[in-house]
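Residues per chain, in single letters:
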Amino acid sequence: MKKSLIYLFSIVILSSCTPKTAEIIEVVEEKEIAVDDMAAIESGKVIYMSDCNKCHKAKNIKDYSESQWDVILPNMAKKSKITADQEAQVRMYIRAELAK
């Protein structure tokens with residue numbers, strides 16, 4: 001809950017200091033998700049489902065905590081040779097799934 005409040009507070013502060021370029025399209029778990037974030041989450045899902053299934057069955061995301069994913073993801077990203085941007089998209093997808 002505390003992380004959610006910090007996240008929402010950060011969004012409010014950042015959005016008040018920057019131009020309103022991101023259209024808000026969806027509310028998930030009382031969090032606003034910007035168009036760019038939704039696209040990154042969807043890309044992360046595609047990468048997760050395709051690249052993680054190359055060597056082994058994709059893990060059930062909710063079987064692991066966020067701190068466990070912070071260890072798992074960098075190791076798997078290196079082995080699968082995805083880019084840093086792709087890893088960031090997968091991380092966004094994992095966090096979105098954990099937040100559900």
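Residues numbered from 1 in each chain as written. Predicted model: local features only at pLDDT ≥ 70, side-chain atom pairs only at ≥ 80, totals over all residues. Heavy atoms only, no water.

Focus: the nonpolar core
Thought 1: If you look at the biggest cluster of nonpolar residues, it comprises 14 residues, and the most contacted ones within it are Tyr48, Ile61, Trp69, Val90, Tyr93 and Ile94.
Thought 2: When residues of this core are traced back to their parent elements, those giving at least two are helix H2 (35–55), helix H3 (66–80) and helix H4 (84–99).
Thought 3: With residues up to four places along the chain from it excluded, the contact list for Ile61 reads Tyr48, Trp69, Tyr93, Ile94, Glu97 and Leu98. (Core = buried A, V, L, I, M, F, W, Y, C linked by side-chain atoms within 4.5 Å. Buried < 20%, exposed > 50% of the residue type's maximum accessible area, 1.4 Å probe, protein only. Helix = DSSP H or I, 4+ residues; strand = E, 2+ residues; numbered from the N terminus. Contact = heavy atoms within 4.5 Å.)

As for H3
Each turn of an α-helix holds 3.6 residues, which means side chains three or four residues apart point in the same direction.
Thought 1: Under the 1.5 Å per step criterion, the end-to-end length of H3 is 20 Å for 15 residues, consistent within 8% with the ideal 21 Å.
Thought 2: Burial in H3 covers these residues: Trp69, Ile72, Leu73 and Ala77.
Thought 3: Looking at the residues trailing H3, positive phi occurs at Lys81, about 60°. (Expected span 1.5 Å × (residues − 1).)

Describing the pattern of salt bridges
Thought 1: Under the counting rule described, the total for this entry stands at 6 salt bridges.
Thought 2: When the shortest N-O distance is used, the salt bridge between Arg91 and Asp70 registers 3.0 Å. With Arg91 in helix H4 and Asp70 in helix H3, the pair connects residues that are 21 residues apart, well separated along the chain.
Thought 3: The exposure class of Asp70 is partly exposed, given its relative accessible area of 35%.
Thought 4: For Glu87, the salt bridge identified is with Arg91, shortest N-O distance 3.4 Å. (Salt bridge = Lys/Arg side-chain N within 4 Å of Asp/Glu carboxyl O.)

Thoughts on the environment of Leu98
Thought 1: Here Leu98 shows up in helix H4.
Thought 2: Among the residues examined, Leu98 registers a relative accessible area of 25% and is labelled partly exposed.
Thought 3: Taking the C-alpha atoms as reference points, Leu98 and Glu66, 32 residues apart in sequence, are found 7.5 Å from one another.
Thought 4: Not counting residues up to four positions away in its chain, the partners in contact with Leu98 are Ile61, Lys62, Tyr64, Ser65, Glu66 and Trp69.

Let's talk about the confidence of the model for the protein
Thought 1: Per-chain confidence: the protein averages 75 in pLDDT, with 64% of residues scoring 70 or above.
Thought 2: Note that residues 17–30 has pLDDT below 50 and, in this model, 18 contacts with residues that lie over four places away or in other chains. (pLDDT = per-residue confidence, 0-100.)

Thoughts on the packing of aromatic side chains
How two aromatic rings sit relative to each other is given by the distance of their centres and the angle of their planes.
Thought 1: Summed over the entire model, instances satisfying the criterion amount to 3 aromatic pairs.
Thought 2: Taking 5.5 Å as the distance between ring centres and 75° as the angle between the ring planes, the aromatic pair formed by Tyr64 and Trp69 counts as edge-to-face.
Thought 3: Taking relative accessible area as the criterion, Tyr64 reaches 27% and is therefore assigned partly exposed.
Thought 4: Among the aromatic residues, those joined into a ring-pair cluster are Tyr48, Tyr64, Trp69 and Tyr93. (Phe/Tyr/Trp six-rings, centres within 6.5 Å; stacked < 30°, edge-to-face > 60°.)

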